[in-house]
Amino acid sequence: MRFEISERLFHFRQPAGTSRGIYTTRRSWFVTVEDEAMPGAVGVGECAPLPRLSCDDLPDYMQVLEAMAAHVAACGAIDYDLLRPYPSMLFGLETALMSLHSVDGVIYDTPFARGEAGIPINGLVWMGSYEEMRARMEEKLAQGFTCVKLKIGAIDFESELDLVRRIRERFSPDDIELRLDANGAFPYEDVLGRLERLSHYGIHSIEQPIRQRQWEKMAAVCRQSPIPVALDEELIGVNIPAMKGDLLDTIRPAYIILKPSLHGGLHGTAEWIDMARQRGIGSWVTSALESNVGLCAIAQFAAHVYGCPPALPQGLGTGQLFTDNIEMPLDIIDDQLFYRHGK
């Protein structure tokens, strides 16, 4: 078994505002694997840590990735315990091996991968100025999305509340499911008051209303919030099963939102999903600004673990962000993601 690693810089069509600043470019490392026992077969996986957010955002990322790839090559398999601290590397390496053993890129045989059914997804409205966010919101609604995720916390709360009000003036909760992502922006002393005001507009859920690593405070928010609370950043760096259980038992969120590149690769994400199900906690998966290579693997995984169609819209609509993306057989039609291989 032999791995090759290459680095690539992608460019956003428009600046992407996040809780960690504004991205104009995105760096990924691609692992390509061949096996002499499988002549002509090649597998490719994407390793894409998010700067200042991923627990494996390391200054010597390439060197560590090379060492991990060499270990997998020597062993002939993934050492999941060794790779737990490096979720983005695990995601790239495990999907490269799955791709190597796939037939025509299909790593899970599902109606989605066969091109027979789509996966409902949410439209994403990035952080920005009031006018920018309103324009992006209008664009998503015009495109036919029935579930919209609005990133908030970048501008003043009253303006964001006005955006939510505008949606509800035109569309009822039966017409448009509205998800909010606060990215930890609300001060703890203000959070319940803000959630109460937002709750009048039929909000499906709100991600990470206060900053992460405040388990007791987050647990109190989850108990008292009139809006179901979902965790995202809170899960980053919680890679050991016992810690995952402690977090879920302490905070008791309504949902967890899982990005394989951040939350343990596909292996660790499946652990989170199973442990959440045991506790009656819902979940969905989303991408972490990977290229179409990573997005395709995550979408196939989502169809595998949740069924097709899944009960909840997934967060897989970011694959068209780049001007120089890698071509993959993925299409967004209305509010669904389709895999068009062989079509």
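Going by the structure above, here's the rest.
Just so you know, these numbers come straight off a predicted model, no measurement behind them.

S.K.: Would you explain helix α9 (residues 265-278) in this entry?
M.R.: In this model α9 runs 20 Å from its N-terminal to its C-terminal C-alpha over 14 residues, within 8% of the 20 Å that 1.5 Å per residue would give. Here α9 has its buried residues at Gly265, Leu266, Gly268, Thr269, Glu271, Trp272, Ile273, Met275 and Ala276. The inward-facing, buried residues of α9 abut α3 (87-100), α8 (241-251), β10 (255-258), β11 (282-285) and α10 (292-306). Count one or two residues on from α9 and you reach glycine 280, which has phi positive near 70°.

S.K.: Would you take a moment to explain the packing of aromatic side chains for this structure?
M.R.: Any aromatic ring pair is given by two values, namely how distant the centres are and how the planes are angled relative to each other. Within the structure shown, the criterion is met by eight aromatic pairs. Pairing phenylalanine 12 with phenylalanine 322 gives two aromatic rings, centres 4.9 Å apart and planes at 55°, and the pair type is tilted. Of the two residues, phenylalanine 12 sits in strand β1 (residues 2-18) while phenylalanine 322 sits in the loop between α10 and β12 (330-333), which places them 310 residues apart along the sequence. Of the two residues, phenylalanine 12 and phenylalanine 322, neither departs from the other in class, the shared state being buried. Centroid distance tyrosine 108 to phenylalanine 301: 6.3 Å. Interplanar angle 55°. Geometry classified as tilted. A residue pair is termed long-range when its members are at least 10 positions apart, and tyrosine 108 in the loop between α3 and β4 (119-120) and phenylalanine 301 in helix α10 qualify at 193 residues. Here tyrosine 108 and phenylalanine 301 have matching classes, each one buried. Put simply, the rings of Phe10, Phe12, Phe30 and Phe322 touch in pairs and so form one group of aromatic residues.

S.K.: Can you walk me through the state of the cysteines in this structure?
M.R.: Put plainly, two cysteines are in a disulfide when a covalent bond ties their sulfur atoms together. For the coordinates displayed, the defined rule picks out zero disulfides. You can see cysteine 147 has no disulfide; the closest cysteine sulfur is in cysteine 308, sitting 16 Å from it. By relative accessible area, which is 2% here, cysteine 147 ends up buried. As a non-bridged cysteine, cysteine 222 has cysteine 147 as the owner of its nearest cysteine sulfur, 19 Å distant.

S.K.: Looking at this structure, how should I read the sheet that holds β12?
M.R.: Whenever strands of a sheet pair, they do so through backbone hydrogen bonds, lying parallel or antiparallel. One open sheet accounts for three strands, arranged β4-β13-β12; its pairing is antiparallel. A single partner strand is all that each edge strand has here, and the edge strands are β4 and β12. Where β12 lies against strand β13 (residues 336-339), four bridges are found, and the strand directions are antiparallel. Bridge assignment links isoleucine 332 to a residue of β13, and that residue is leucine 337.

Each value, and the rule that gives it
- Residues numbered from 1 in each chain as written.
- Predicted model: local features only at pLDDT ≥ 70, side-chain atom pairs only at ≥ 80, totals over all residues.
- Heavy atoms only, no water.
- Helix = DSSP H or I, 4+ residues; strand = E, 2+ residues; numbered from the N terminus.
- Expected span 1.5 Å × (residues − 1).
- Buried < 20%, exposed > 50% of the residue type's maximum accessible area, 1.4 Å probe, protein only.
- Contact = heavy atoms within 4.5 Å.
- Phe/Tyr/Trp six-rings, centres within 6.5 Å; stacked < 30°, edge-to-face > 60°.
- Disulfide = S-S within 2.5 Å.
- Pairing = 2+ DSSP bridges.

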